[in-house]
Structure formats: structure tokens, C-alpha cells
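Spelled out, the chains give:
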Amino acid sequence: MTLAPLLLLAALQGAAPAPPQGAAVPYLYLRGADTIGVETIAPGAKGVRGVLQLRGQPAITWEQQHPPAAGRGALALEAGYPGHPPLQRARFEPDGDSVHVQVTAGSAAPQAMHLLAPGAYPLVNSSVLHAALLADYARRGGRREVPFLLTAGARVVAGTVTVQGDTLLVSVAGTLMRLELDATGAPLRGAIASQGLTVVRAPGVIPAAVLAPAPPPDYRVPAGAPYTAEDVVIPTARGYVLGGTFTRPAGATGRLPAVVTISGSGQQERDERLPGMADYGLFREIADTLGRRGVAVLRYDDRGTGASGGRETLPRATSADFAADVRSVVAWLRARPDVDPARILLVGHSEGGLIAPMVAVADTGIRGVALLAGPAYAGRRILAFQNEQAIAAMPGLSAAQRDSVRGTVPARLDSAAADNAWLRFFMQHDPLPVARQLRQPVLILQGNTDRQVTAEQADTLAAALAAAGNRAVTMRRFPDTNHLFLADPSGDPQRYTALPSYRIRREVLGALADWAVRVAKP
């Protein structure tokens, strides 16, 4: 996923009356008046069952066992699309200082992991209601310091639970949520102001038409496209494979230039789709554009996502480790008889713009590097800015209250980084010393309204490269264009899902294609 704000503050909204004990309880996930998801939870004698369906995403079914006295309960998950076999199943069994994890992807054999996670509650990342349930368990157990094991990413992160009247303040990896529970511990209402998201108990039965079932990702080529698509499996030297899609111009002969796409932060599938934005797919549109211009493209599921293995490595993986995956993809491409090994280009978006230079500096055979909203600053500076944006968006706070929240940010960032290898590396890593070593042609594309990797960072990157002697630097900035390269006058991440179009700006795709064709000439 793209670099996203780490600090989220929830504000309370109205809710429906409490349902009968034991009944299935529906909740709406709203952005403004737009319903982007539905989650239903059903409490039982032994635990709680939840079903979360966000627009355009696989449904997630979770079952949380009630914890024993002074203990933690098991969590079972299943992700998939209606009418199709599950994409993934997982079970998390806390046991003393560890959590035993078993993951089954599709029809593959189960993979077992043994994670050191003292006192950690396994948490369904995208479920506000599961977070509220775990916070209530912690509150009832008198726990304030509560580590969480993120089920997406398998990372242990720091957390706290603080009671303020009938409200719980829950911090997860530096993210602060405000949740209100009823007398039974069931969530009443909540919101995440920085994302424009509210979660409310539905006043009645939700019509089936509120959310259409999301179809599985379709990586086939569009009808009539002048290129072909091939599902591929890429081996790595680290014991897992990467699943991807290789597109190439139809009927082309000889060895072709090829692009490798590198995603932003968070574990992304090969198109870089985003929740609540069903038609968005930056890498799918890049592959389509370049396929029509004679350039092959390899886009792949990130480690531990989709058809790619390696999930067990994620708790300790950093951007430098993900660079090793890019090297495996490049090596696989160079071995193909239809790819010119001397004409491989890297295209990195967001964190991918940090990873691509790592690979290209060590591999001078890479033909060129394109940085799409690539950072020029160390992650701590980026996160400090994103947190400031989130604080400014908090409704109903006085200046003194904002200052109070602002003062907690450095300590919460440090606490989150202490338990998260990826975040610790990101906060400390300065991209400029690596970028200065690039000798290949470099393309820098940047949206002027980007609020996640701010626009002046493109200027900083271009100046650093030029000062280091690279004379093949091209930089383009696009007006009214956000971090996702969508038309957006404000660039506010809270309003991404409300944008009228999720199509990548044609000028951006054209600039990338023109550069790739020129740089990849034989």
C-alpha cells in the first residue's frame, strides 16, 4: 500500500439501539454518505464471529474465541470471494510467550509458523470491530500495555488501552482510535477522522444490494488488447516463490525490453489495488500502456500476499529485504529467451521508489529507474508530516488539545518502531545517499497535491542526482494530482474513495511510456 498516515483519531457518532444478546449485529463502514463496507458480528457463548466485506475486496470471516482467565483466545480467519474457494485460511493460537500460526493459501499445503509474541493479541488489521473486541478483553483483564500481532503482515506492534468514561482509547502501532462500547462490551459507534471513516451500528437489516459481492481479481488482458498475459511463478533463493503476471506485446519477435513494477508500503497484490477503490490499479494501467508501446511488464504479488509465499518472513522483513525480491524477479526475467537482459527497467511507486535505487545501485545492468512519488526524506520526517496532517483534521479540538496530541507523537513513533523491523528501517533510512549513487537514467514523476510524499521531494531527488553527476535525470510534476496519480485538486487521503474517477492520469502514463521507450532503445 502507499505510505499512509500512522496516527488515526476516532470521533464518536450516533448509533442504533443495542440488539438482543446473541443476535447478529450489522455495522456500516461509511465515508460521508457512501457505504464502503459492511461488517456483521455475532456474539456466542464461546466467542464472537465477524464477517467483513469492504467494497472491491475479498470478504474476511473471523472467529475470535473468548480468552480464558489471564489468557488470550485463538483467532481463525478465512478470506475469499463469494462462490469461490477461499483464497487463504489462517489460525492463530496464543501459547505462553508465543503464537502458533497455520496459514493455508488456496489449495496449497498448510504452512506453520511459530512467532515470539509475548502477551500479544492477534488482530484483524482492517476490522475496527475486532480491535474494539480485543480492547474490551484487555480492559476487563486490567491490561493497559497490550501488544498486538497484526494478522496481515504477521508483525508484533505495541499497543495501549486507556479508559475514559464509557470510551476506550486504543493505540495500535502508534495509531490512536477512540471506541465506545455498550454495557456488554459490544461496539456502539466510532470513526477515524483522518480517513473520513465512520462505523455505525445499522438501524435494521441491511439490504443485500448495499454492497455487490466483489469479484476475484482478473489479470487477463482486456478484449482486443495488442499484448498477451501469462501467469508466472518466480523462484527465490529464500525458499518461497513470487506469483505474478507477465505481459508482452502480441506477435513480437526477438528480445524485448521489460519493466518490473515495485509497490508501495504494505503487502500489495500485483495491480496495487486499494480497499474501497474497486477500479483503481496503478500497475495494471502501466502494464496496459506499456504493452501497447512494445514494452513487456512483470508485476507481482508482494511477499506473503496473493500467489506469493514468504509470509513467515514478514515479521522481520524490511525494505532492504523486499529489494531482494526485486533482484529475484530481475534474475528470472534475464533468463527468459524473450527478454533482453540489458534492457530491464525498474518502476517503483512510493516505498517502491525507495527500493528501486537500492537494486539499481548494486546492479549496474539495470537500464533505467522510474520513481513515482518516491520519497527523498527519511521515514521519520514523512510520518511526522502525515501525523501533523491527521492532527489538523481532528474535529472539535482546541489548540491546547491539539498540542497535547502532537506532543505524544514522537514517543508513539519510537514505541511502534521498537517492535516493528519494517517501521524501524523506514524511519531511519535516508534515501538520498543511495539515490546519489545511481548512474542509470532516472525518471521522477510527482503529483503536486500529494500529501503523503510531498511534492518538493521530487525537486530534492532531482537536485541530489544532478549534484552527484547524473546527467540523465528527467523530472515531471503534475498539477492537481495526488499520491495515487489520480486527478485530485486537494490530494487529501481522506477523500480518495470519494474521487469521481480512479483512472490514472493519462499525462502520467504517457510520460512514463515515452521515457521507457526512449531509454530502452537497443
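Residues numbered from 1 in each chain as written. Predicted model: local features only at pLDDT ≥ 70, side-chain atom pairs only at ≥ 80, totals over all residues. Heavy atoms only, no water.

Looking now at unusual backbone geometry. A positive phi angle, close to 60°, is found at Ser350, a residue other than glycine. By secondary structure assignment, the location of Ser350 is in the loop between β21 (339-349) and α4 (351-362). Despite not being glycine, Ala373 has its phi angle at roughly 55°, a positive value. Among the structural elements, Ala373 can be located in the loop between β22 (368-372) and α5 (379-392). (Helix = DSSP H or I, 4+ residues; strand = E, 2+ residues; numbered from the N terminus.)

Below, the discussion takes up helix α9 (residues 456-467). Compared with an ideal rise of 1.5 Å per residue, which puts 12 residues at 16 Å, α9 spans 17 Å between its outermost C-alpha atoms and is within 8% of the ideal. For α9, the full list of buried residues reads Gln457, Ala458, Leu461, Ala462, Ala464 and Leu465. Looking straight down α9, one finds that the buried residues subtend no more than 165° of arc, so they occupy a single side. As for α9, its buried residues are in contact with β22, α5, α8 (431-435), β23 (442-447) and β24 (473-478). Immediately beyond the C-terminal end of α9, within one or two residues, lies Gly469, with a positive phi of roughly 100°. (Expected span 1.5 Å × (residues − 1). Buried < 20%, exposed > 50% of the residue type's maximum accessible area, 1.4 Å probe, protein only. Arc of directions from axis to C-beta. Contact = heavy atoms within 4.5 Å.)

Before going further, it helps to examine the packing of aromatic side chains. For the structure shown, the criterion picks out 2 aromatic pairs. Aromatic pair Phe246 and Trp332: ring centres 6.3 Å apart, planes at 80°, arrangement edge-to-face. Placement of the pair is Phe246 in strand β18 (residues 241-249) and Trp332 in helix α3 (residues 319-334), with a sequence separation of 86 residues. The same class applies to Phe246 and to Trp332, which are both buried. Between Trp422 and Phe426, the aromatic rings sit 5.1 Å apart at their centres with planes inclined by 10°, giving stacked as the arrangement. (Phe/Tyr/Trp six-rings, centres within 6.5 Å; stacked < 30°, edge-to-face > 60°.)

Another aspect to go through is the packing of helix α2 (residues 282-291) against helix α10 (residues 506-519). At a minimum axis distance of 10 Å, the contact between α2 and α10 shows a crossing angle of 50°. Judged by the angle between their axes, α2 and α10 are oblique. Once α2 is placed against α10, the crossing between them reads as right-handed. Together, Glu285, Ile286, Thr289 and Leu290 of α2 and Arg506, Leu509, Leu512, Ala513 and Ala516 of α10 make up the contact between the two elements. Partitioned by chemical class, the residues of the contact of α2 with α10 number 6 nonpolar, 1 polar and 2 charged. (Axes fitted to C-alpha atoms, helices over the stretch in contact; angles between N-to-C directions. Parallel < 35°, antiparallel > 145°, perpendicular 65-115°, else oblique. Left-handed = near helix turned anticlockwise from the far one by under 90°. Nonpolar A, V, L, I, M, F, W, Y, C, P; charged D, E, K, R; others polar.)

Attention shifts here to the sheet that holds strand β10 (residues 148-150). Ordered in space as β9-β10-β11, the 3 strands form an open sheet in which the pairing is mixed. Where the open sheet ends on each side, the last strands, each with one partner, are β9 (121-123) and β11 (155-157). Taken over all neighbouring pairs, the strand axes of this sheet differ in orientation by 35° on average, direction set aside. (Pairing = 2+ DSSP bridges.)

Before going further, it helps to spend a moment on the pairing of β18. On a regular strand, each side chain points to the face opposite its neighbour's, so the side chains alternate between the two faces of the sheet. By the criterion of burial, β18 is predominantly enclosed, with 8 of the 9 residues buried. Counted along the chain from strand β17 (residues 227-235) to the antiparallel partner β18, the turn is 5 residues long, and its residue Gly239 has a positive phi close to 90°. By the bridge criterion, 4 bridges tie β18 to strand β20 (residues 296-300) in an arrangement that is antiparallel. By the bridge assignment, Thr247 is partnered in β20 with Val297.

So, about the pairing of strand β19 (residues 256-262). With 7 of 7 residues buried, β19 lies mostly within the body of the structure. By the alternation rule, side chains of β19 split into Leu256, Ala258, Val260 and Ile262 and Pro257, Val259 and Thr261, which are all buried. Judged from the 6 bridges that link them, β19 and β21 form a sheet pairing that is parallel. Within β21, the residue paired with Ile262 across the bridge is Gly348. For β19 and β20, the ladder comprises 3 bridges, and the chain directions are parallel. Looking at the pairing, Val260 lines up with Leu298 of β20.

A word on the environment of Gly379. Tracing the backbone shows Gly379 in helix α5. Sequence separation of Gly379 and Gln428 is 49 residues, and the distance between their C-alpha atoms is 6.4 Å. Those residues in contact with Gly379 that sit more than four places away from it in its chain are Phe426, Met427 and His429.

Attention now goes to the pattern of salt bridges. In this structure the tally under the stated criterion is 29 salt bridges. One salt bridge connects Arg49 with Glu63, and the closest N-O pair in it is separated by 3.4 Å. Of this pair, Arg49 sits in strand β3 (residues 47-54) while Glu63 sits in strand β4 (residues 59-65), and the two are 14 residues apart along the sequence. Between Glu285 and Arg503 there is a salt bridge; the shortest N-O distance is 3.4 Å. With a gap of 218 residues between them, Glu285 in helix α2 and Arg503 in the loop between β24 and α10 connect regions that are remote in the sequence. The exposure class of Glu285 is buried, given its relative accessible area of 7%. (Salt bridge = Lys/Arg side-chain N within 4 Å of Asp/Glu carboxyl O.)

Here we come to the sheet that holds β20. Reading across the sheet, the 8 strands line up as β17-β18-β20-β19-β21-β22-β23-β24 and stay open at both edges, with mixed pairing between neighbours. Across the chains shown, the open sheet's two edge strands, defined by having one partner strand only, are β17 and β24. Taking the axes of each pair of neighbouring strands and ignoring which way they run, one obtains an average angle of 20° across the sheet. Sheet strands in contact with α2 are β17, β18, β19, β20, β21 and β22, and its direction is about 165° off that of β20.

The next subject is the confidence of the model for the protein chain. For the protein chain, mean pLDDT is 86; residues scoring 70 or higher make up 90% of the total. Counted against residues more than four places away or in other chains, residues 1-21, with its pLDDT under 50, gives 87 contacts. (pLDDT = per-residue confidence, 0-100.)

Time to look at the packing of α5 against helix α6 (residues 399-418). Where α5 contacts α6, the axes come no closer than 10 Å and their chain directions differ by 150°. Classified by the angle their axes make, α5 and α6 are roughly antiparallel. When you trace α5 past α6, the crossing you get is right-handed. Note on element contacts: α6 touches α5 through Arg402, Val405, Arg406, Val409, Pro410, Leu413 and Asp414, opposite Arg380, Leu383, Asn387, Glu388, Ile391 and Ala392. In terms of residue class, the contact of α5 with α6 is built from 7 nonpolar, 1 polar and 5 charged.

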